[in-house]
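Report on the structure
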Amino acid sequence: MNVELRHLRYFIAVAEELHFGRAAQRLNISQPPLSQQILQLEHEIGAQLFTRTNRSVQLTPAGQLFLQDARAILLQVEQAAGRAARVHSGQEGELRIGFTSSAPFTGLVSDALYQFRQRWPEVHIQMQENNTRQQLAPLHEGRLDLGVMRNTPLPSDLQHRVLLREPLCALVHWAHPLADAESISIQALANEPFVFFDPQGGTALYSETLALLHRYQIKPFITQEVGEAMTILGLVATGLGVSILPASFRRARLADVVWVPLQESDAISEVWLVWSAVREPSAQMRNMMQLMLRSAEI
């Protein structure tokens, strides 16, 4: 069977006009080709759709049923085409974003997500919380579109832009002797018990903070190793030790934790936006990247 969409459009015009001349005029074609197309349609489906006399054109019972189905088919095609166009332009579709636990505390990221939702509410944003190391394979394989992570070595098929550089701060219990200081040198933490990330956790903050301590010849005395930054905050709040975290985590306010700025100029952490260097970005990706990078401090 070889029924094309134009056959359906021709049939609907005749069925609604019940006059070949008026239907041909409506379709902006001449009447003989229209009559031939209707005959061809009837031949293809094996049913007479119209009864024709010199004075009238009427739908047969088969034609009445076919009219309902033809309208539904054309409507479905128009809706499918409209959805495809909206996905192509970024108005609909899906966007898969990986993010580290600190990303929601970063105003730039949270603001960009809010603005995106306001402008493109029909795009489904799928957020996946993973540490930096865990985002690399999904980005490489195309299971994530964008990644928000801390600075880390990237494979050659991934590229990045710096979203922001933020200071690293010391975290101490409110009763700690350093809690009243306006700022401290990192050397002041040299002999303190540390609550630190588990080295097997895959977070970039582990390597980043450890490298900072080593640059100043500090070998931290680690008493607690945990997997998440929020756990570090909770343990510092109990007085089990000190720690170092990016300043953005201050938005998770705990009354028993005091944030003390570090004086060293290299006590900073970068937040990156990462995506594939080999795949063409979708419209949804481009829209989100534009929002994030427009607000980037770098």
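Residues numbered from 1 in each chain as written. Predicted model: local features only at pLDDT ≥ 70, side-chain atom pairs only at ≥ 80, totals over all residues. Heavy atoms only, no water.

Per an unreviewed UniProt entry, the recorded name for the protein chain is LysR family transcriptional regulator, and the organism is Candidatus Pantoea formicae.

**Observations concerning the UniProt feature "domain: HTH lysR-type" (unreviewed entry) in the protein chain**
In the numbering used here, UniProt assigns the feature "domain: HTH lysR-type" (unreviewed entry) to residues 3-60. Here residues 3-60 runs as 62% helix and 10% strand, with 19 Å between its end C-alpha atoms. (UniProt positions renumbered as here; feature names shortened; annotations may be inferred. Helix = DSSP H or I, 4+ residues; strand = E, 2+ residues; numbered from the N terminus.)

**Topic: the packing of helix α1 (residues 5-17) against helix α4 (residues 61-89)**
Where α1 meets α4, the axes come as close as 10 Å, and the angle between the chain directions of the two elements is 130 degrees. One way to sum up the angle between α1 and α4 is to call them oblique. As α1 packs across α4, the resulting crossing turns out to be left-handed. Here α1 contributes Leu5, Leu8, Arg9, Phe11, Ile12, Ala15 and Glu16 to the contact with α4, which in turn contributes Gly63, Phe66, Leu67, Ala70, Arg71, Ile73, Leu74 and Val77. Of the residues assigned to the contact of α1 with α4, the class counts are 11 nonpolar, one polar and three charged. (Axes fitted to C-alpha atoms, helices over the stretch in contact; angles between N-to-C directions. Parallel < 35°, antiparallel > 145°, perpendicular 65-115°, else oblique. Left-handed = near helix turned anticlockwise from the far one by under 90°. Contact = heavy atoms within 4.5 Å. Nonpolar A, V, L, I, M, F, W, Y, C, P; charged D, E, K, R; others polar.)

**Section: the side chain of His176**
On the secondary structure map, His176 appears in the loop between β6 (158-173) and β7 (193-197). Looking at His176, its side chain comes within polar contact range of the main-chain nitrogen of Leu178, at 3.0 Å. When near neighbours in sequence (up to four residues on either side) are disregarded, His176 contacts Glu192 and Val242. (Polar contact = N/O pair within 3.5 Å; in protein donor to acceptor, adjacent residues only side chain to side chain.)

**Notes on the packing of α1 against helix α2 (residues 20-27)**
Two numbers describe how α1 lies on α2: the axes approach to 8 Å, and their chain directions differ by 130 degrees. One element, α1, and the other, α2, form an angle in the oblique class. For the pair α1 and α2, the sense of crossing is right-handed. For the pair α1 and α2, contact is made by Arg9, Tyr10, Ala13, Val14, Glu16 and Glu17 and by Phe20, Arg22, Ala23, Arg26 and Leu27, respectively.

**A closer look at the packing of aromatic side chains**
In total, this model carries six aromatic pairs according to the counting rule given. Plain terms: the ring middles of Phe11 and Phe66 are 5.0 Å apart, the flat faces sit at 70 degrees to each other, and that makes the pair edge-to-face. Of the two residues, Phe11 is situated in helix α1 and Phe66 in helix α4; the sequence distance between them amounts to 55 residues. With respect to class, Phe11 is no different from Phe66; both count as buried. Seen from their ring centres, Phe116 and Trp120 are 5.0 Å apart, and the 45 degrees between their planes marks the pair as tilted. Of the two residues, Phe116 and Trp120, neither departs from the other in class, the shared state being buried. Ring pairing ties together the aromatic residues Phe11, Phe20, Phe50 and Phe66, which thus form one cluster. (Phe/Tyr/Trp six-rings, centres within 6.5 Å; stacked < 30°, edge-to-face > 60°. Buried < 20%, exposed > 50% of the residue type's maximum accessible area, 1.4 Å probe, protein only.)

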